[in-house]
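# Observations on the model geometry
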Amino acid sequence: MNQKTKSTIEDVVEQISDNYSMEPLFSTKAGKNMPERKIIIDALRELRLVMFPGYFGEQDATRGLPKYFVGSRLLAIYNMLCEQIACAFAYREEEYDLQANSLDGMPDERNKEKAEHICSEFFQQLPAIQKLLLKDVQAGYDGDPAAQSKEEIIFSYPGLFAIFVYRIAHEMYIRSVPFIPRIMTEYAHAKTGIDINSGATIGESFFIDHGTGIVIGETTVIGNNVKLYQGVTLGGLSTRGGQKLSGVKRHPTIEDNVTIYAGATILGGDTVIGKNSVIGGNTFIIESVPENSRIRFKPPELDIE
């Protein structure tokens with residue numbers, strides 16, 4: 001390394017170190033660790049084994065001793081999630097009480113108790129989540145003539161994977177767990193191209209066909225038996241208000257038995273798509289649609305000379 005390069009690196013090191021000291025975002029809070037993304041994703045993978053036994057792990061594992069299989073998996077998941085939830089709450093705290101927290105980065109007892117309570121509530125919901133997922137599988141099979149079997153949907157469909165992750169993350173979101181719901185849904189987003197915010201409210205028998213490019217915003221409400229195709233956006237009409245809009249209903253409501261075809265964009269917190277409606281591809285909707293409507297995009301006329 002020549003002297004000029006060495007001098008350049010030393011200068012950059014000095015400037016970046018100054019940035020570290022001046023910007024709080026670059027300095028983790030004393031005595032606190034952020035949740036570990038890898039552990040959260042591992043917990044999701046383990047939950048997938050429990051929700052769909054025999055599909056993503058050893059197929060014989062659940063046949064001989066199913067209770068042992070489920071019990072051992074759930075215990076491991078419980079320990080992983082409890083620790084990460086406690087870390088998330090500890091890190092989010094604005095006030096740092098030195099006497100209430102250890103110096104080794106571990107969360108304090110108050111946050112551990114909170115994490116235990118949330119994990120207990122979350123685990124009580126797992127049987128209901130599994131039943132919801134089975135209805136989502138059935139909706140996928142009933143709604144896609146290309147599906148050869150329900151097993152194929154579980155194995156292969158990215159839409160079902162995104163829905164699975166959403167249903168897990170949503171339970172964390174409604175319990176105000178920091179960081180972890182977003183880590184979960186962004187993992188699914190990266191794998192599938194489907195972006196479902198964990199705050200959305202989605203009913204049973206939900207089917208995403210193809211899926212790539214779908215966006216479902218935080219305050220979206222979706223009823224039962226809804227089908228979405230690729231490229232659908234259920235978004236906010238305007239986000240210029242920034243953080244002032246936090247908690248405000250800004251995404252649409254999709255009522256029961258609605259089908260939305262590819263490329264449709266539906267925006268706004270006051271926009272309601274009525275029951276039994278069909279929204280055609282490439283439509284742009286910012287006003288409510290009555291029940292039993294058929295909305296289609298009118299293509300521009302070609303002027304051929």
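Residues numbered from 1 in each chain as written. Predicted model: local features only at pLDDT ≥ 70, side-chain atom pairs only at ≥ 80, totals over all residues. Heavy atoms only, no water.

## So, the overall build of the chain
A count of helical and extended segments in the chain gives eight helices and 14 strands. Burial statistics for the chain: of 305 residues in total, 43% are counted as buried. Taking the intrachain contacts of the chain between residues at least 6 apart in sequence as the baseline, contacts between residues at least 24 apart amount to 51%. Summed over its atoms, the accessible surface of the chain is roughly 17200 Å², and 52% of this surface lies on carbon and sulfur atoms. If you average the places of the 31 positive and of the 40 negative side-chain charges in the chain, the two averages end up 3 Å apart. (Helix = DSSP H or I, 4+ residues; strand = E, 2+ residues; numbered from the N terminus. Buried < 20%, exposed > 50% of the residue type's maximum accessible area, 1.4 Å probe, protein only. Contact = heavy atoms within 4.5 Å. Areas by Shrake-Rupley, 256 points an atom, 1.4 Å probe, with all protein chains shown as cover. Lys, Arg positive; Asp, Glu negative; His and termini not counted. Charge placed at Lys NZ, Arg CZ, Asp CG, Glu CD.)

## A short note on the packing of aromatic side chains
Applying the stated criterion to the full structure yields nine aromatic pairs. Each ring, one from Phe161 and one from Tyr187, has its centre 6.0 Å from the other, and the planes form 75°; the classification is edge-to-face. Here Phe161, found in helix α7 (residues 158-173), pairs with Tyr187, found in helix α8 (residues 180-192); they are 26 residues apart in sequence, far enough to count as distant. This pair shows no difference in class: Phe161 is buried, exactly as Tyr187 is. In this structure an aromatic cluster arises from ring pairing among Tyr55, Phe56 and Phe155. (Phe/Tyr/Trp six-rings, centres within 6.5 Å; stacked < 30°, edge-to-face > 60°.)

## What to know about the state of the cysteines
By definition, a disulfide links two cysteine residues through a covalent bond between their sulfur atoms. A complete count under the given rule lists zero disulfides for this structure. Between Cys87, a cysteine without a disulfide, and Cys82, which holds the nearest cysteine sulfur, the sulfur-to-sulfur distance is 11 Å. Looking at Cys119, it has no disulfide partner, and the nearest cysteine sulfur is the one in Cys82, 3.1 Å off. Residue class for Cys119 comes out buried when judged on its relative accessible area of 0%. (Disulfide = S-S within 2.5 Å.)

## Regarding the side chain of Arg48
In this structure, Arg48 sits in helix α2 (residues 37-51). Among all residues touching Arg48, those that are not within four sequence positions of it are Phe56, Ile154, Phe161 and Phe164.

## Overview of the sheet that holds strand β2 (residues 201-202)
One open sheet holds the four strands; their spatial order is β2-β5-β8-β11, and the pairing between them is parallel. Two strands bound the open sheet, and with one partner strand each, they are β2 and β11 (272-273). (Pairing = 2+ DSSP bridges.)

## A look at the packing of α2 against α7
Taken N-terminus to C-terminus, the directions of α2 and α7 make an angle of 105°; their axes are 11 Å apart at the nearest point. Classified by the interaxial angle, the pair formed by α2 and α7 is roughly perpendicular. Facing Leu44, Leu47, Arg48 and Met51 of α2, the residues of α7 in contact are Phe161, Phe164, Val165 and Ile168. Partitioning the contact of α2 with α7 into residue classes produces seven nonpolar, no polar and one charged. (Axes fitted to C-alpha atoms, helices over the stretch in contact; angles between N-to-C directions. Parallel < 35°, antiparallel > 145°, perpendicular 65-115°, else oblique. Nonpolar A, V, L, I, M, F, W, Y, C, P; charged D, E, K, R; others polar.)

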